[in-house]
Structure formats: C-alpha cells, structure tokens
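The lines below spell out each chain.
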Amino acid sequence: MFLRTEHTFYLENPAHFKKQLLKWGAIHETVVFLDSNNYEQQYSSFDAMLAVEEFTSIKTDYFDAFEKLKEYQSYSKDYLFGYLSYDVKNDVEKLSSNNFDGLEFPDVYFFQPQKIIKIQNDTAVFLYLRAFDDEIEEDFETILDVNLMQQVTKKDSTVKIKLRTQKEAYFQKLNTILEHIQRGDIYEANFCQEFYAENTMLDPYEIYTNLNSISEPPFATFFKHEELFLMSASPERYLRKEGAKIISQPIKGTAKRFVNPIEDNKIAFDLARDEKERSENVMIVDLVRNDLSRLAKKGSVRVEELCKVYSFKQVHQLISTVVSELKEEAHPVDIIRETFPMGSMTGAPKISAMKIIEKLEVSKRGLYSGAFGYFTPEGDFDFNVVIRSILYNSDKKYVSYSVGGAITAKSSPEKEYEECLLKAKAMKQVLTTQINNNTNA
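Residues numbered from 1 in each chain as written. Predicted model: local features only at pLDDT ≥ 70, side-chain atom pairs only at ≥ 80, totals over all residues. Heavy atoms only, no water.

Asks: It is not clear to me how the pattern of salt bridges should be interpreted in this structure. Could you clarify?
Replies: Once the charged atoms of two side chains with opposite charge are near each other, the side chains can pair. Here the structure, examined in full by the defined rule, presents 32 salt bridges. A salt bridge links K241 to D380; the shortest N-O distance between them is 3.2 Å. Within this pair, whereas K241 is found in strand β11 (residues 237-242), its partner D380 is found in the loop between β17 (371-375) and β18 (381-385), the two being separated by 139 residues in sequence. A residue is classified by how much of its surface remains accessible, and K241, at 10% relative accessible area, is buried. D334 is paired through a salt bridge with R337; the nearest N and O atoms lie 2.9 Å apart. (Salt bridge = Lys/Arg side-chain N within 4 Å of Asp/Glu carboxyl O. Helix = DSSP H or I, 4+ residues; strand = E, 2+ residues; numbered from the N terminus. Buried < 20%, exposed > 50% of the residue type's maximum accessible area, 1.4 Å probe, protein only.)

Have a look at this one:
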C-alpha cells in the first residue's frame, strides 16, 4: 500500500476555495475534479475532490480490461481515478463496437494521483504521496491566491453542432426497436444519438464551469488527460461501494422544469404517476436487482426507493435506489464487472438490447454511457454514469455530446425525440452561447 501524508486546513470561504481549486487543477496535464454541488443526497463522501498528475496509470482497450484493472487495483491499494468506457461491454460478453469514433478515447484509463485534495464542509484535506508532501503548504497558498491564473485559450466564437442521425432516420430506427419489442426480442432499449462539431477549438475549463453552473448535478466531473477532456453534468450514480454495502441508483423518467412553481410542482407530481415513465424505471430496477444478486448475500438485495422524483435545475428525474450486501470474497473490480454496463443505458434483457442498439446506433459510444469515478485504498468506490456530458479531443478538434432515452412498447417516437432535445439543452447552450464567466468570482 502506498503511504500518503494527510494535512487538514480550515477554510474561511469553502465555495471560493473550490473555484480556485478547479482553476489550479486545470493547469495540470492530468486532472480529475469531482463536484457534488452540495446536492442533498444520502450517500456522499465529499463536497468536492481534486486529483492531479499521474504517479502510476493504466491505459488499455477493452480486451481483458477487467483483469488488468483488477491486477492494478490489487497492487496499488491506493486512490485510483478514471473511467470505463461503454465499449468495455465487449470484455464482459461476446459483443463488438464497430461504429464511427470521432473522439478516440482509450477504452479504460485509471491513474494513481500524486496529489489529492478533498473539500468537506469548511475543511480541505490534502492527501499527498510521501514523495510530494513537502509541497502541501506551498500548494495551499498558491490555490488561495486570488490572482492565480488567467488562462488565455484560443476558442471559436461559434460552434456549429451537427446531428449524426437526422430526425427522419431517428424515427425509422425507433420503429425498428418497437418491432423488436413487439416480437418479444426485448422489452426495453436505450437508444442514443450523437451531436458533434468538427474543427472546433474550445476552452474546456470554461465549458465545464458554465455547464456545471446551469445544471449543478451531484456527479459533476471535469477530466483532462493530455488532449482528452470530459466535461460532465451527470445526475446519475452507477455504483457505489461502502464496505460490504453496494448502492445503485438508476435514472429512468424525465420531465422538464417550469419557472412557475405551481406548474413545476404539477409536472413533478404527474411524473411520479406516469405509467410509461414508471414502467421504464421498474424494468431497469429489476435488471439491477438481478445484476447485484450475483455477488450479494442471499436475501440482501432490496429496493430502498422506487421511482422517487428528484429535481435538478434543468429537469425532474425518477430515481430508484437498489442496495445489497456483498459476499465476503467479492473483489471490488468483480462487482463492477458483474453489473457493467449499467442497465439504465442498455435495456432489458441486457445482452439482446446491446446487440440491437449496436446495429442501429451510428456512433461508437466510447466514454459516453460508461462510468467515471474512483477507488479508495480500502477497496471502496463510487462511479457515475457518463451522461449529460461533453467530450472533446483537442488534437482532433472534435467535440461531441450524446443523448438517449428508454424505448418501451408505449414509446412515441415524437415524444422520445423531444426528450432527447430536452436532455441535450444544457450541452448545446454552453457550446453555442457565449456566457460571461468571472473566473475570480
């Protein structure tokens, strides 16, 4: 196990320190910034957390990915931050990913950071590897410096967003899925489409801060590794491990927010009772229960919350919470392998749904609908679902965001298309609208 020095500082202004921390982190070659946005939730370990610079790392394609990650996690027994792309499904089942890939992210990437800084309430906890602990005091003072940095990044004044799948083709593909459902091949599928822009220069730090400010989700993520960037406003937890307890919180069911409180309360009330939206959620809950049962103690899988309405700045969502107790012999990576990819982004039955959507989608999902998160030295972990996210390859000048929805027998292609546009609203807004961002605020 790698030893870390822990040092705690009291913060007079935690909100200001958090902004400064992200600015400081963004200048590093490899950085992960996780922000809960102080969202009220039962399961949480921090208000925000930053990890910077590789000490060790693993980068691989999907082949034998889980075994490689298992070996890496078992050896390091330290904090590891990173992601599993959706296409790691090919390591779990005999599947393939042959669609167009404009981003070219590795299928798996995790790193052991030199430096970790965690904000909780009014304290900042610095967790540095011993080789770098003499830099703690200096780093704290640098982060506090209000005139820390004014990054000047070349960027385009306008971003021309294109659809990879046109509206008419989208309707045709949804009708094909509905035919599969009517034949009994599947009873739900999550179908996704890509929006993209080419030859585009962005300021990823500015894009992330703007996206986060208009969404404020509990699983916001800024990730940078060399030329690759993730700017995520994800509201969804994929999987969390707390000792022997496993928590999964799938989202299925979406309704837009209204400015008028009476209208807003009514649509939230209606969402909670919408037969179609609830059936989508319940189908995935059943799938998650089945996945968790593989490594759970007998009789320990239970639903803590079913179809509860959670409200975010852009949308209302139906979220369920499924928990289980682990068998003693379960390895952390095995838990992820047995449940990956998450049911909320595939459908049911899972394998049949993945085969169908692979044929109908035209873009490789990559990191979108994968999972981003971290392991602790104790073998606990927490991963989000990579949705409501912008992905960017600065070398290729290619930016992409994808959205999807659950298709069931009761789905209307027109309403599903409208829901996709609603989910895409925040990403499109930050890419196509110049928002004033006072970086010293």
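Moving on, there is more to tell.
Asks: Would you explain the pairing of strand β14 (residues 302-311) in this entry?
Replies: A regular strand places its side chains so that they alternate between the two faces of the sheet. The pairing of β14 with strand β15 (residues 315-325) spans seven bridges and is classified as antiparallel. Residue pairing across strands places V309 opposite L318, the latter belonging to β15. In this structure, the hairpin formed by β14 and β15 is closed by a connection of three residues. (Pairing = 2+ DSSP bridges.)

Asks: For this particular structure, what's the right way to read the pairing of strand β12 (residues 245-249)?
Replies: Counting buried residues along β12, five of its five residues qualify, which places the element largely inside the surrounding structure. The two faces of β12 match: K245, I247 and Q249 on one face and I246 and S248 on the other face are all buried. When β11 meets β12, the two strands line up antiparallel, connected through four bridges. Considered in β12, the bridge of K241 is made with I246. In this antiparallel pair of consecutive strands, β11 and β12, the connection spans two residues, and G243 shows a positive phi of 65°. In this sheet, β15 lies alongside β12 in antiparallel orientation, the contact comprising four bridges. From the neighbouring strand, I247 faces β15, where its bridge partner is V323.

Asks: Any chance you could explain the packing of helix α6 (residues 204-215) against helix α11 (residues 413-432) here in plain terms?
Replies: Two numbers describe a pair of packed helices, the interaxial angle and the distance between the axes. Contact geometry of α6 with α11 gives a least axis separation of 9 Å together with a crossing angle of 140°. Between α6 and α11, the angle is such that the two are oblique. As α6 packs across α11, the resulting crossing turns out to be right-handed. Facing I207, N210, L211, I214 and S215 of α6, the residues of α11 in contact are A426, M427, Q429, V430 and L431. Residues that form the contact of α6 with α11 fall into these classes: seven nonpolar, three polar and no charged. (Axes fitted to C-alpha atoms, helices over the stretch in contact; angles between N-to-C directions. Parallel < 35°, antiparallel > 145°, perpendicular 65-115°, else oblique. Left-handed = near helix turned anticlockwise from the far one by under 90°. Contact = heavy atoms within 4.5 Å. Nonpolar A, V, L, I, M, F, W, Y, C, P; charged D, E, K, R; others polar.)

Asks: Any chance you could explain the state of the cysteines here in plain terms?
Replies: Note: disulfide means a covalent bond formed between the sulfur atoms of two cysteine side chains. By the definition in use, this model includes zero disulfides. Left unpaired, C192 is separated from the closest cysteine sulfur, that of C420, by 7.7 Å. What makes C192 buried here is its relative accessible area of 6%. Note on C420: relative accessible area 1%, which makes it buried. (Disulfide = S-S within 2.5 Å.)

Asks: What is the right way to look at the side chain of T221 in this model?
Replies: Mapped onto the secondary structure, T221 falls in strand β9 (residues 219-225). For T221, a relative accessible area of 1% translates into the label buried. A polar atom in the side chain of T221 sits 3.4 Å from the backbone oxygen of F219. Leaving out residues up to four positions away in the same chain, T221 has contacts with F33, L34, Y208, L230, M231, S232, F372 and N384. (Polar contact = N/O pair within 3.5 Å; in protein donor to acceptor, adjacent residues only side chain to side chain.)

Asks: Please explain the packing of helix α1 (residues 14-26) against helix α4 (residues 136-144) as it appears in this structure.
Replies: The N-to-C vectors of α1 and α4 enclose an angle of 110°; their axes lie 8 Å apart at closest approach. Between α1 and α4, the angle is such that the two are roughly perpendicular. Note on element contacts: α4 touches α1 through D139, F140, T142, I143 and L144, opposite F17, Q20, L21 and W24. Class assignment for the residues of the contact of α1 with α4 results in six nonpolar, two polar and one charged.

Asks: Sorry, what's going on with helix α9 (residues 332-339) here?
Replies: Given 3.6 residues per helical turn, the α-helix brings residues three or four places apart onto the same face. Within α9, six of the eight residues are buried, leaving the element largely enclosed by the surrounding structure. Turning to α9, its buried residues are P332, V333, D334, I335, I336 and T339.

Asks: How should I be thinking about the environment of A51 in this particular structure?
Replies: Looking at the secondary structure, you find A51 in strand β3 (residues 48-60). Residue A51 is classed as buried on the basis of its relative accessible area of 0%. Along the sequence, A51 and E6 sit 45 residues apart, while their C-alpha atoms lie 14 Å from each other. Setting aside residues no more than four positions away along its own chain, A51 makes contact with T30, V31, V32, F81, F111, P113, K115 and I116.

Asks: Could you clarify how one ought to interpret unusual backbone geometry in this entry?
Replies: A cis amide bond, omega -10°, links F340 with the succeeding residue P341. In this fold, P341 is placed in the loop between α9 and β16 (347-348). Cis geometry marks the peptide bond from A348 to P349; its omega dihedral reads -15°. Tracing the backbone through its elements, the reader meets P349 in the loop between β16 and α10 (350-360). A positive phi angle, near 45°, is found at K77, a position not held by glycine. Within the secondary structure layout, K77 lies in the loop between α2 (65-76) and β4 (80-84). For E226, which is not glycine, the phi dihedral falls at a positive 55°. Tracing the backbone through its elements, the reader meets E226 in the loop between β9 and β10 (228-234).

Asks: Which parts of the structure should I look at to understand a nonpolar patch on the surface?
Replies: On the surface, V282, V303 and L306 cluster together to form a nonpolar patch covering roughly 200 Å² of accessible area. Within the secondary structure layout, V282 lies in helix α8 (residues 275-293). (Patch = residues over 30% accessible without salt bridge, like charges linked within 9 Å, V, L, I, M, F, W, Y side chains within 5 Å. Areas by Shrake-Rupley, 256 points an atom, 1.4 Å probe, with all protein chains shown as cover.)

Asks: Can you help me understand the nonpolar core in this one?
Replies: Generally speaking, nonpolar side chains in soluble globular proteins are found buried as a group. Of all hydrophobic cores here, the largest spans 65 residues; its most connected members are F17, L21, I117, F126, F222 and I390. Residues contacting F222, with those up to four places away along its chain left out, are L22, A26, V31, V32, F33, P204, Y205, Y208, F229, L230 and M231. Formed by 60 residues, the second largest nonpolar core is a distinct cluster that contains V32, L84, Y196 and Y238. (Core = buried A, V, L, I, M, F, W, Y, C linked by side-chain atoms within 4.5 Å.)

Function-wise, these values are silent; they only describe arrangement.
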